[in-house]
Amino acid sequence: MAQDKPLDVKRIQELLSDIEVLCYPEIDSTNTEAKRLVKSGKKPPFLILAETQSAGRGRLGRSFYSPSNTGIYMSLVLSESLDSDSADITSAAAVAVCKAAESLSGKSLGIKPVNDIYLDKKKICGILCESVYDGTPASPVIIGVGMNVSTTLFPEDLPSAGSLNCDASREELICEITKELLFAVKVPLDTLMPYYNSHRAVL
């Protein structure tokens, strides 16, 4: 299903009434902007969205291709004190994102440890979790999610990239992903691991 319309931010904000939603037509990276806002004094929770990113980031310094209006580029900033390392937080986020996308698309997805979501052996989503020290015991946690929703054209150097391609709107996916993330960070990681292990992608 083609999704080339701008995000309906008002609708997203109505569905996520407890979290401030910020949306940018274009930005370098939602995670980078999240860091800037936290360092400037903005307090979590809040959600950053972008229609496109000029410098989307993945793990290990990799870039994330972010064409306009066909993907989800979001960073959820939380203040929960998580007694986990970044890999554990990323694993929990991967479960949340995978569950949300599966529930709305009806498709069977896989998790490539620790931070990629796959569909039919194609990468459709990457997750980047970071923390920002703000001088408090519970430093804010940034959960960045980049998902190809209806992208059809990819650069030649991304032969393994794919898209979710489902009837769910980007707004619905963003809200469901956010709700699943809010749940995942509040429960013990052990309760999420059965799902995580059962969805390990075999590529």
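**Student:** Describe helix α5 (residues 189-198), listing the residues and the values that go with them.
**Tutor:** What sets the pattern is the α-helix's 3.6 residues per turn: residues three or four places apart point alike. All of the buried residues in α5 are L192, Y195 and Y196. The buried residues of α5 occupy one face: seen down the axis, they fall within an arc of 105 degrees. In α5, the exposed positions angled more than 90 degrees off the buried face are occupied by D190, P194 and S198.

**Student:** Can you tell me about the nonpolar core, naming the residues and giving the values?
**Tutor:** As a rule of thumb, soluble globular proteins bury nonpolar side chains together. Among the nonpolar cores identified, the biggest contains 47 residues, and L47, M74, V97, I117, I143, M147 and L181 are the most heavily contacted of them. Of the residues forming this core, the biggest block, 10 residues, is contributed by helix α3 (residues 86-105). Membership of the second largest hydrophobic core comes to 9 residues, among which are L22, A34, F46 and I48.

**Student:** Pulling in residues and values, what's your account of the packing of aromatic side chains?
**Tutor:** Two numbers describe a pair of aromatic rings. These are the distance of the centres and the angle of the planes. In total, this model carries 0 aromatic pairs according to the counting rule given. A cation sits over an aromatic face here: K42 above F46, 5.3 Å from the ring centre.

**Student:** Give me the sheet that holds strand β5 (residues 116-119): which residues, what numbers.
**Tutor:** Taken together, the 7 strands give an open sheet; going across it, the order is β1-β2-β3-β7-β6-β5-β4, and neighbouring strands pair in mixed fashion. On the outer flanks of this sheet lie β1 (20-24) and β4 (110-112), each paired with one strand and no other. Taken pair by pair, the neighbouring strands of this sheet meet at an average axis angle of 20 degrees, ignoring direction. Bridge analysis of strand β6 (residues 122-131) against strand β7 (residues 141-148) gives 7 bridges, and the strand direction is antiparallel. Bridge assignment links G126 to a residue of β7, and that residue is G146. Packing of helix α2 (residues 30-39) onto the sheet brings it into contact with β1, β2 (46-50), β3 (71-78), β6 and β7, and relative to β2 it is tilted by some 140 degrees. Lying on the sheet, helix α4 (residues 170-184) is in contact with β2, β3 and β7; it crosses β3 at an angle near 30 degrees.

**Student:** Tell me about the pairing of β6, residues and numbers included.
**Tutor:** Buried residues dominate β6, accounting for 7 of its 10 residues. Relative to β6, β5 runs antiparallel, the two sharing 4 bridges. Among the inter-strand pairings, D116 is bridged to a residue of β6, identified as G126. Between β5 and β6, which pair antiparallel one after the other, the connecting turn spans 2 residues, and D120 there sits at a positive phi close to 50 degrees.

Procedures and definitions
Residue positions within a chain follow its written sequence, with the count starting from 1. Thresholds applied to this predicted model are a pLDDT of at least 70 for local features of residues and 80 or more for the giving and counting of side-chain atom pairs; totals over whole chains, interfaces and linings are not thresholded and use all residues. To get the side-chain values, all heavy atoms of the structure are used, and hydrogens and water are removed first. Burial classes: relative accessible area under 20% of the type maximum marks a residue as buried, over 50% as exposed, and values in between as partly exposed (1.4 Å probe, protein chains only). Starting at the N terminus, helices and strands are each numbered in turn, a helix being any DSSP run of H or I of at least four residues and a strand any DSSP run of E of at least two. The arc in question is formed by the directions pointing from the helix axis toward the C-beta atoms. Nine residue types can take part in a nonpolar core, namely buried Ala, Val, Leu, Ile, Met, Phe, Trp, Tyr and Cys, and a core is a set of them joined through side-chain atoms within 4.5 Å. Think of it this way: a Phe, Tyr or Trp ring, Trp meaning its six-membered ring, pairs with another when their centres are within 6.5 Å, and the plane angle makes it stacked under 30 degrees, edge-to-face over 60, tilted otherwise. Whether a charge sits over a ring comes down to the Lys NZ or Arg CZ being within 6 Å of the ring centre and within 35 degrees of the ring normal. In this analysis, strands are considered paired if DSSP registers two or more bridges between them. Every angle, taken between N-to-C directions, lies between 0 and 180 degrees, and every axis is a line fitted to C-alpha atoms, over only the stretch in contact when it is a helix. Any two residues whose heavy atoms approach within 4.5 Å at even a single point are treated as in contact.

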